[in-house]
Amino acid sequence: MELMKKTAAELSAMLERKEVSAVELAKAAFARTAEVDGKVGAYLTVAEDPALAAAEAVDRRRAAGETLPPLAGVPVAVKDNICTEGTLTTCASKMLYNFVPPYNATVIEKLTENGAVVTGKVNMDEFAMGSSCENSAMKVTHNPHGLDRVPGGSSGGSAAVVAAGEVPLSLGSDTGGSIRQPASFCGVVGLKPTYGAVSRYGLIAFASSLDQIGPFARTVEDAAMLMDAIVGHDPLHDSTSAKAPFEGSLRANLNADMKGVRIGLPKEYFGAGISDEVRASVLAAADTYKALGAEVFEISLPLVEYALPIYYILSSAEASSNLARFDGVKYGYRAEGCEELLDIYVKSRSQGFGQEVQRRIMLGTYVLSSGYYDAYYKKARAAQRKIRAEFAAAFETCDVILTPVAPTTAYEIGSRTTNPLEMYAGDICTVSINIAGLPAMVQPCGFDGNRLPIGMQLIGPRFGEQKLMNAGLAYEQASGLKNIIAAL
Ligand code: GLN
């Protein structure tokens, strides 16, 4: 455990000084998993053999005198909707219960080039649809800070595995908050990058125009380190990936000087519906920024009111089309005893997809149907343009925007599963960021009365990740709220 209490940056330095080997680190990670994952339930697949082989390769290269990238030898867990060649990738769905991808996602190729050691695949809401990880068809993941609580979702496994000290880093994906909300619930750092900063190739698509892969870590510096490894243009495989998202390394350019940095607090994000503890904690963080020399002032983003319907229309529309490929023929689950082709489609999809996924497919098909397209889908796209414009205008006056992440802290497992609308309402603070294609980072800013973490969200302009990380680092240094590992 001692090794796994360290940050990725510390482990990277130890590896470089040869104080520890990559194999020792991988073994320490698996030992911690053996110790606590029975309680947490983060992993779906522990990839011990490929991880140890990758670690041995890193150790050999280092022994031969090669200078290796900072991530070389550092264990990283991966959300189970990111394709890993030769390792099961289920999307936490019965539909893909047996899917072993024949190729790696671009981010996995990049991790490999950087010598990172992929430890395995972690739990999520089925096809990344959900906010609590309870839609997984595979297992329940528990919040390491309160085992009766949800870890958040959809990247609940990615957040829990880092908060539990099983690995220092993980990858998740965020379509409407799925990195940020679980990061908030589990007391870790999570970054949803600007749309296009990270290649989506090999990320099993939910809503392609909103999906982004991003890092989880326990410090801002560690998140920057992982982000540095995965960003970049992917001309062959993702035409929406940006050419040169950032100048140089986010980690190397970290600068915690907050003097004169303009921080906007949108009043709509602090109103009714946000719990008092969450509001107070984020406002206290705003005071910290003032004390650090930032200019903090109120702004207004009135269109946030429409963010949830816009998000659920657009994301479900795209999901209904993306998930058409799962037909029981090409890969994954196929129903038994089918008489004809239509039977295969209907039965395989009815039995292979869980309830929430079927709900989204129906909703998405409905809003795209010829009779309702104009009334819903087209209107939502028009409203999306307005939200984008509203954020662009806000960034004329501020460098970053500070908000809560979710209305509450982590709630009890099973307490919100009967009412999907109640679950959707929890996404109010996060979905507008994906609609606008912006970057946003979450990090811990306190605890509630039950010692459950509270997170805050820093939102930046397009490709403003450096600004977010600088502000995040400044807060982390001032508050000391970093590298928080749950007592298990
Ligand atoms: N909770 C949101 C949803 O259920 C966001 C999911 C995500 O970001 N993948 O759609």
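Heads up: the structure comes first, above all this text.
Residues numbered from 1 in each chain as written. Predicted model: local features only at pLDDT ≥ 70, side-chain atom pairs only at ≥ 80, totals over all residues. Heavy atoms only, no water.

Visitor: What should I look at first to understand the nonpolar core in this one?
Guide: One recurring pattern in soluble globular proteins: nonpolar side chains tend to sit buried together. Judged by nonpolar contacts, the single largest core of 133 residues is most densely connected at Leu-111, Phe-127, Tyr-289 and Phe-391. Here this core takes 9 residues from helix 9 (residues 307–322), the largest share from any one element. Contact partners of Tyr-289, with chain neighbours within four places excluded, come to Met-258, Ile-263, Ala-294, Val-296, Leu-402, Met-456, Leu-458, Ala-471, Gly-472 and Tyr-475. (Core = buried A, V, L, I, M, F, W, Y, C linked by side-chain atoms within 4.5 Å. Buried < 20%, exposed > 50% of the residue type's maximum accessible area, 1.4 Å probe, protein only. Helix = DSSP H or I, 4+ residues; strand = E, 2+ residues; numbered from the N terminus. Contact = heavy atoms within 4.5 Å.)

Visitor: I keep staring at helix 12 (residues 374–397) and nothing clicks. Help me out?
Guide: Structurally, the α-helix is built with 3.6 residues per turn, so residues lying three or four positions apart point the same way. If you check helix 12, its first and last C-alpha atoms are 34 Å apart, about what 24 residues at 1.5 Å a residue would give, namely 34 Å. Listed as buried for helix 12 are Tyr-377, Ala-380, Arg-381, Gln-384, Ile-387, Glu-390, Phe-391, Ala-394 and Phe-395. In this structure, the buried side of helix 12 is in contact with strand 8 (295–299), helix 9, helix 11 (355–368), strand 9 (400–404), helix 14 (431–436) and strand 11 (453–459). (Expected span 1.5 Å × (residues − 1).)

Visitor: Is there a simple way to explain the pattern of salt bridges in this structure?
Guide: Under the definition given, this model contains 21 salt bridges. Connected through salt bridges with shared partners, the residues Asp-148, Arg-149 and Glu-412 form a single ionic network. (Salt bridge = Lys/Arg side-chain N within 4 Å of Asp/Glu carboxyl O.)

Visitor: I would appreciate a short explanation of the environment of Ser-158 in the present structure.
Guide: Here Ser-158 lies in helix 5 (residues 156–163). According to the relative accessible area criterion, Ser-158 is buried, its value standing at 0%. Distance in space between the C-alpha atoms of Ser-158 and Lys-121 is 8.7 Å, their sequence separation being 37 residues.

Visitor: Please clarify how unusual backbone geometry should be interpreted in this entry.
Guide: Note: most peptide bonds trans; most residues except glycine with negative phi. The omega angle of the peptide bond from Gly-153 to Ser-154 is 10°, so this bond is cis rather than trans. On the secondary structure map, Ser-154 appears in the loop between strand 3 (117–122) and helix 5. Non-glycine residue Ala-92 carries a positive phi angle of around 55°. By the secondary structure assignment, Ala-92 is in the loop between strand 2 (75–79) and helix 4 (106–113). Look at Ala-128: it is not a glycine, yet its phi comes out positive at around 70°. Given a relative accessible area of 5%, Ala-128 falls into the buried group.

Visitor: Help me understand the packing of aromatic side chains in this model?
Guide: Aromatic ring pairs: the centre-centre distance and the angle between the two ring planes describe each pair. The tally for this structure, following the rule as stated, stands at 16 aromatic pairs. Between the aromatic rings of Phe-127 and Phe-353, the centroid separation amounts to 5.7 Å while the plane-to-plane angle is 75°, which identifies the pairing as edge-to-face. In this pair, Phe-127 is assigned in the loop between strand 3 and helix 5 and Phe-353 in the loop between helix 10 (341–352) and helix 11, connecting sequence segments 226 residues apart. For the pair shown, Phe-127 and Phe-353 are each scored as buried. In this structure an aromatic cluster arises from ring pairing among Phe-99, Phe-127, Phe-326, Tyr-331 and Phe-353. (Phe/Tyr/Trp six-rings, centres within 6.5 Å; stacked < 30°, edge-to-face > 60°.)

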